[in-house]
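# Remarks on the overall topology
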Amino acid sequence: MRILVTTTSYQDTPGRHHDLLRQSGHEIVTDRGPLPEKRMLELVTSGGGFDGLLHGDDEITRKVIEAALPRLKVLSKYGIGLDSVDVQAATGLKVPVCFTPGVNHTTVAEHTFGLMIMLAKQLLPHANAVKKGEWKRHTGIELAGKTMGILGLGRIGKEVAKRARAFDMQTIAYDVYWDEPFAHQFGVFRAASADEVADKADVLSLHMNLTDDNRHYINRDRIARMKDGAMVINCARGGLIHEADVAEACKTGKLLGYAADVLEHEPIKTPHPFQDVANIIITPHIGSRTFESVERQAVMSTENLLRMLKGDRPLAQANSF
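Source: prediction; values computed, not measured. (Residues numbered from 1 in each chain as written. Predicted model: local features only at pLDDT ≥ 70, side-chain atom pairs only at ≥ 80, totals over all residues. Heavy atoms only, no water.)

One open sheet accounts for 7 strands, arranged E8-E7-E6-E9-E10-E11-E12; its pairing is parallel. If you trace the sheet from one side to the other, it starts and ends with strand E8 (188-190) and strand E12 (280-282), each paired once. Averaged over all neighbouring strand pairs, the angle between strand axes comes to 20°, with direction disregarded. Here strand E10 (residues 230-234) runs beside strand E11 (residues 255-260); their pairing, made up of 5 bridges, is parallel. Looking at the pairing, Ile233 lines up with Ala259 of E11. (Pairing = 2+ DSSP bridges. Helix = DSSP H or I, 4+ residues; strand = E, 2+ residues; numbered from the N terminus. Axes fitted to C-alpha atoms, helices over the stretch in contact; angles between N-to-C directions.)

Pasting the structure below:
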């Protein structure tokens, strides 16, 4: 069988996943994503097509899925978020969509706190100044005693809540599926709505899936209701915020800063509203890119793919039919 692999961290990071693919005996074709719909269409219609796709945040649209049929047997997402995949179309076309929940919550939570500390202590401008031979010092803020707001108390949100408690922060959160035993154990206050969390947070950390309903949730109107000097951290999806509105709020000082591991459209295209805004920090979607996490994600996505190609049940499937 033929397999297309497009995710770069999968390809670039050594680990057991490479052995699994090699030992499968299948023909492996690679490209480097995230790829737009046009390139995906070119790939899935070349060389007779593919039996399986092992992909990252490439645009897997209805057109791509239809073009890959009838040969395509499985879509195996390397990662958790499925907003780049037309799951509804895949379900209607009887194509299984596999993914890898539970593999990267630790490292993404660590990255979240790394970004938070960078903003609070203004570490990036300090470090850059010293490297240029300057000795400019700015006054940062403490996280202790601040209110951490978490939108999405799933696996990653819970790990952030644990770390917030260790930093002596008060935590308020909202999630449709509330885990009361966890909240009680770690002192997380249950908000009545996402808006309540955003209104009360000194640090607002986003950990929800991107949907049509919450796209651009953090916008001019929402920011106006937030505390002056609040910080927003986004290790979820870039589309959760309105980038131009956030850039303006950081310039005016309404927000102390914005730090994210994601953009609405990746990779970055210049000019971009975040460029040259000193209190905005963007990392290139590396929150889950540690050796440990990559191997966990890569092995699970590979096992999902190979199991489906053999006719066995995957470890995790996002759709059913």
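From this point on, the discussion continues.
It is worth spelling out the pattern of salt bridges at this point. Inspection of every chain in the model, using the stated rule, returns 24 salt bridges. Its salt-bridge partner being Arg22, residue Asp19 comes within 2.3 Å of it at the nearest N-O pair. Remark: Arg22 and Asp19 occur in helix H2 (residues 16-24); sequence separation between them is 3 residues, near one turn of the helix. Residue classification places Asp19 among the partly exposed positions, given a relative accessible area of 29%. If you follow the salt bridges from partner to partner, you end up with Asp57, Lys77, Asp83 and Arg237 in one network. (Salt bridge = Lys/Arg side-chain N within 4 Å of Asp/Glu carboxyl O. Buried < 20%, exposed > 50% of the residue type's maximum accessible area, 1.4 Å probe, protein only.)

With that out of the way, let us pick up the packing of aromatic side chains. Under the counting rule described, the total for this entry stands at 4 aromatic pairs. Aromatic pair Tyr258 and Phe274: ring centres 5.5 Å apart, planes at 50°, arrangement tilted. Note that Tyr258 is positioned in strand E11 and Phe274 in the loop between E11 and E12, a separation of 16 residues in sequence. Across the pair, Phe274 and Tyr258 agree in class, each one buried. Positioned over the ring face of Phe50 is Arg2, at 4.3 Å from the centre of the ring. Residue placement shows Lys158 over the ring face of Phe182; its charged tip is 5.4 Å from the ring centre. (Phe/Tyr/Trp six-rings, centres within 6.5 Å; stacked < 30°, edge-to-face > 60°. Lys NZ or Arg CZ within 6 Å of the ring centre and 35° of its normal.)

To continue, consider helix H8 (residues 155-166). Given 3.6 residues per turn, any residue in an α-helix points the same way as the ones three and four places further on. Taking 1.5 Å of rise per residue, 12 residues should cover 16 Å, and H8 covers 17 Å from first to last C-alpha, within 8% of that figure. Next to the buried residues of H8 lie helix H6 (105-121), strand E6 (147-151), strand E7 (170-174), helix H9 (180-186), E8 and strand E9 (203-206). With its phi angle positive at about 60°, Asp168 sits one or two positions after the end of H8. (Expected span 1.5 Å × (residues − 1). Contact = heavy atoms within 4.5 Å.)

Attention shifts here to the nonpolar core. The biggest cluster of nonpolar side chains holds 31 residues, and the ones touching the most others in it are Leu204, Leu206, Val246, Leu255 and Tyr258. Contributing elements (two or more residues each) for this core: helix H10 (194-200), E9, E10, helix H12 (243-252) and E11. Residues Trp178, Phe182, Ala183 and Cys235 belong to the second largest nonpolar core, which totals 28 residues. (Core = buried A, V, L, I, M, F, W, Y, C linked by side-chain atoms within 4.5 Å.)

Running from N to C, H2 and helix H13 (residues 291-310) cross one another at 20°; their axes reach a closest spacing of 8 Å. If you check the angle between H2 and H13, you find them roughly parallel. Between H2 and H13 lies a crossing of left-handed hand. On the side of H2, the interface is formed by Arg16, His17, Leu20, Leu21 and Ser24, while H13 contributes Glu295, Ala298, Val299, Thr302, Glu303 and Leu306. A breakdown of the residues in the contact of H2 with H13 according to their chemical character gives 5 nonpolar, 3 polar and 3 charged. (Parallel < 35°, antiparallel > 145°, perpendicular 65-115°, else oblique. Left-handed = near helix turned anticlockwise from the far one by under 90°. Nonpolar A, V, L, I, M, F, W, Y, C, P; charged D, E, K, R; others polar.)

We now examine H13. Under the 1.5 Å per step criterion, the end-to-end length of H13 is 28 Å for 20 residues, consistent within 8% with the ideal 28 Å. Gly311, located one to two residues past H13, shows a positive phi value of around 90°.

This brings us to the side chain of Arg222. Here Arg222 lies in helix H11 (residues 220-225). For Arg222, the side chain forms a polar contact with the side chain of Asp195, separated by 2.8 Å. For Arg222, the contacting residues outside a window of four places in its chain are Asp195, Ala198, Asp199 and Tyr217. (Polar contact = N/O pair within 3.5 Å; in protein donor to acceptor, adjacent residues only side chain to side chain.)

Glancing now at unusual backbone geometry. When glycine is set aside, most residues are seen to have a negative phi, and most peptide bonds are trans. A cis amide bond links Leu69 with the next residue in sequence, Pro70, at an omega value of 5°. The topology assignment puts Pro70 in the loop between helix H4 (62-68) and strand E4 (74-77). Across the junction of Thr270 and Pro271, the peptide omega takes the value 0°, indicating a cis bond. As for its position among the elements, Pro271 is in the loop between E11 and E12. Located in the positive-phi region is Gln122, a residue other than glycine, with phi close to 55°. With phi around 60°, His216 is a residue other than glycine that occupies positive phi space. Since its relative accessible area comes to 26%, His216 is described here as partly exposed.

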